[in-house]
Amino acid sequence: MSKKKKKKKITLPQIIINIIFILVGLFCIMPLILVLSVSFSSEHAIITNGYSFFPQEFTFNAYKYILTGSKTLIKAYMVTILVTAIGTVCHVFITAMFSYTLSRQELKYRKVISFLVFFTLLFSGGLVPTYILISRYLHLQNHIGVFILPYLTNAIHVLIMRNFFRAIPNSIIESARIDGSSEFRTFLKIVLPISLPSLATIGLFIAVFLWNDWFTPLLYIENPNLYNLQFLLRSIMTNISYLIGNIEKFRGQEEIFTNLPNDTAMMATCIMAIGPIIILYPFLQKYFIKGLTLGSVKS
């Protein structure tokens, strides 16, 4: 006779923990639902009734206003997608090479280099020297490379990946060397494939940063064709706030400016900005948690 599988009893602490996690999940999702609802509401309804989790006077006016001059928006999307894709790949690959080098025991002055990497977390040159270096010496002003080159590596990411590479058994590396594999080939063929959790974690970190970067074009970009999405949306919101705040200067056109979407346009820009990242995150989530925990075990 086959033994029947015993059903696990759900204890009271487990129920309480599940309820707590459900509530935390709802609290995390509710702001996003509120932002989405406000973006589809009319500005008049928001001013009159305040924010609501259900759209009031459902309309696409906020999105229509943002999408006016859609060619500019499409260019900004293309710049952002291009920068995020190329910048993420380059950052992950260069950071992985640097981190793998620091993880090898046979590297001379390994501790000194690791200290210099850690030192940059505590002290930096500051904004003015950085601006002078990028604009005057590297000549990256009004160049798409300014979005990528200054962010090819990051000290925190190097330390996370270095700790992850330390966890790889040294016997695997030694076996590859005995078989005649070069150090770079071992890195490409063996180390990188078993390091996907760490690579995905760092890739997600830098991809979110590059996607949300509006400060770089504020400093270095004057050509409208090189505006990224975040900077363009920020400019749109700044223009709306300026027009509404200086309405008395536009006599005879007060009604037009009072109907401009302000809060609703702000929420619509949030939805347009975070949409692609929300779609990408579920595919990297399983690597994200594992890579972050494994990369932080050793110091």
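From a predicted model like this one, the values you see are computed outputs, not experimental measurements.

Basis of the calculations
Residues numbered from 1 in each chain as written. Predicted model: local features only at pLDDT ≥ 70, side-chain atom pairs only at ≥ 80, totals over all residues. Heavy atoms only, no water. Helix = DSSP H or I, 4+ residues; strand = E, 2+ residues; numbered from the N terminus. Buried < 20%, exposed > 50% of the residue type's maximum accessible area, 1.4 Å probe, protein only. Contact = heavy atoms within 4.5 Å. Areas by Shrake-Rupley, 256 points an atom, 1.4 Å probe, with all protein chains shown as cover. Salt bridge = Lys/Arg side-chain N within 4 Å of Asp/Glu carboxyl O. pLDDT = per-residue confidence, 0-100. Axes fitted to C-alpha atoms, helices over the stretch in contact; angles between N-to-C directions. Parallel < 35°, antiparallel > 145°, perpendicular 65-115°, else oblique. Nonpolar A, V, L, I, M, F, W, Y, C, P; charged D, E, K, R; others polar. Phe/Tyr/Trp six-rings, centres within 6.5 Å; stacked < 30°, edge-to-face > 60°. Core = buried A, V, L, I, M, F, W, Y, C linked by side-chain atoms within 4.5 Å.

**Focus: the overall build of the protein**
Link 1 in the chain: Secondary structure summary: the protein contains 14 helices and 0 strands in total.
Link 2 in the chain: When its helices and strands are written in sequence order, the protein yields α-α-α-α-α-α-α-α-α-α-α-α-α-α.
Link 3 in the chain: Looking at the protein as a whole, 35% of its 299 residues are labelled buried.
Link 4 in the chain: Look at the contacts in the protein between residues 6 or more apart in sequence, and 73% of them connect residues 24 or more apart.
Link 5 in the chain: When the accessible surface of the protein is split by element, carbon and sulfur atoms take 69% of a total near 19000 Å².

**What to know about unusual backbone geometry**
Link 1 in the chain: Phi is positive for His139, which is not a glycine, with a value near 55°.
Link 2 in the chain: The topology assignment puts His139 in the loop between α6 (127-137) and α7 (155-166).
Link 3 in the chain: What makes His139 exposed here is its relative accessible area of 58%.

**Brief notes about the pattern of salt bridges**
Link 1 in the chain: Considering all chains together, one arrives at 4 salt bridges under this definition.
Link 2 in the chain: Between Glu183 and Arg177 there is a salt bridge, and its shortest N-O distance comes to 3.2 Å.
Link 3 in the chain: Take Glu183: its relative accessible area is 35%, and that puts it in the partly exposed class.

**Quick look at the confidence of the model for the protein**
Link 1 in the chain: Looking at the protein, pLDDT values average 79 and 83% of them are 70 or higher.
Link 2 in the chain: Segment residues 295-299: pLDDT under 50, and 10 contacts once partners within four positions in sequence are set aside and those in other chains are kept.

**Points about the environment of Ile94**
Link 1 in the chain: You can see Ile94 is positioned in helix α4 (residues 70-103).
Link 2 in the chain: A C-alpha to C-alpha distance of 9.4 Å links Ile94 and Val158, two positions 64 residues apart in sequence.

**Some details on the side chain of His91**
Link 1 in the chain: For His91, the position within the fold is in helix α4.
Link 2 in the chain: Here His91 falls in the buried class, since its relative accessible area comes to 0%.
Link 3 in the chain: In contact with His91, not counting residues within four places along its chain, are Tyr151, Leu152, Thr153, Asn154, His157, Ile202 and Ile206.

**With respect to the packing of helix α5 (residues 110-122) against α7**
Link 1 in the chain: With their axes 8 Å apart at the nearest point, α5 and α7 run at an angle of 140° to one another. When the interaxial angle is binned, α5 and α7 end up oblique. Contacts from Arg110, Ser114, Val117, Phe118, Thr120 and Leu121 in α5 reach Ala155, Ile156, Val158, Leu159, Arg162 and Arg166 in α7.
Link 2 in the chain: Along the lines of polarity and charge, the residues of the contact of α5 with α7 split into 7 nonpolar, 2 polar and 3 charged.

**A short note on the packing of aromatic side chains**
Link 1 in the chain: For the structure on display, the rule yields 16 aromatic pairs.
Link 2 in the chain: Seen in terms of ring centroids, Phe58 and Phe60 are 5.3 Å apart; in terms of plane orientation they differ by 90°. Their pairing is edge-to-face.
Link 3 in the chain: Since its relative accessible area comes to 51%, Phe58 is described here as exposed.
Link 4 in the chain: Consider the rings of Tyr227 and Phe231, whose centres lie 4.8 Å apart with planes at 65°: the pair is edge-to-face.
Link 5 in the chain: Judged by relative accessible area, which is 8%, Phe231 ranks as buried.
Link 6 in the chain: Here the aromatic cluster, defined as three or more aromatic residues joined through ring pairs, consists of Phe93, Tyr100, Phe164, Phe165, Phe184 and Phe187.

**Side note on the environment of Phe147**
Link 1 in the chain: Tracing the backbone through its elements, the reader meets Phe147 in the loop between α6 and α7.
Link 2 in the chain: Separated by 70 residues in the primary sequence, Phe147 and Pro217 have C-alpha atoms spaced 7.9 Å apart.

**Here's the deal with the nonpolar core**
Link 1 in the chain: Counting residues in each nonpolar core, the largest one holds 20 residues, and the members touching the most others are Tyr63, Ile66, Leu73 and Leu233.
Link 2 in the chain: It is helix α14 (residues 263-294) that provides the largest number of residues to this core, a total of 6 residues.
Link 3 in the chain: Residues in contact with Tyr63, not counting those within four places in the same chain, are Leu36, Ser39, Phe40, Ala268, Ile271 and Met272.
Link 4 in the chain: Residues Val92, Ile160, Ile168 and Val191 belong to the second largest nonpolar core, which totals 14 residues.

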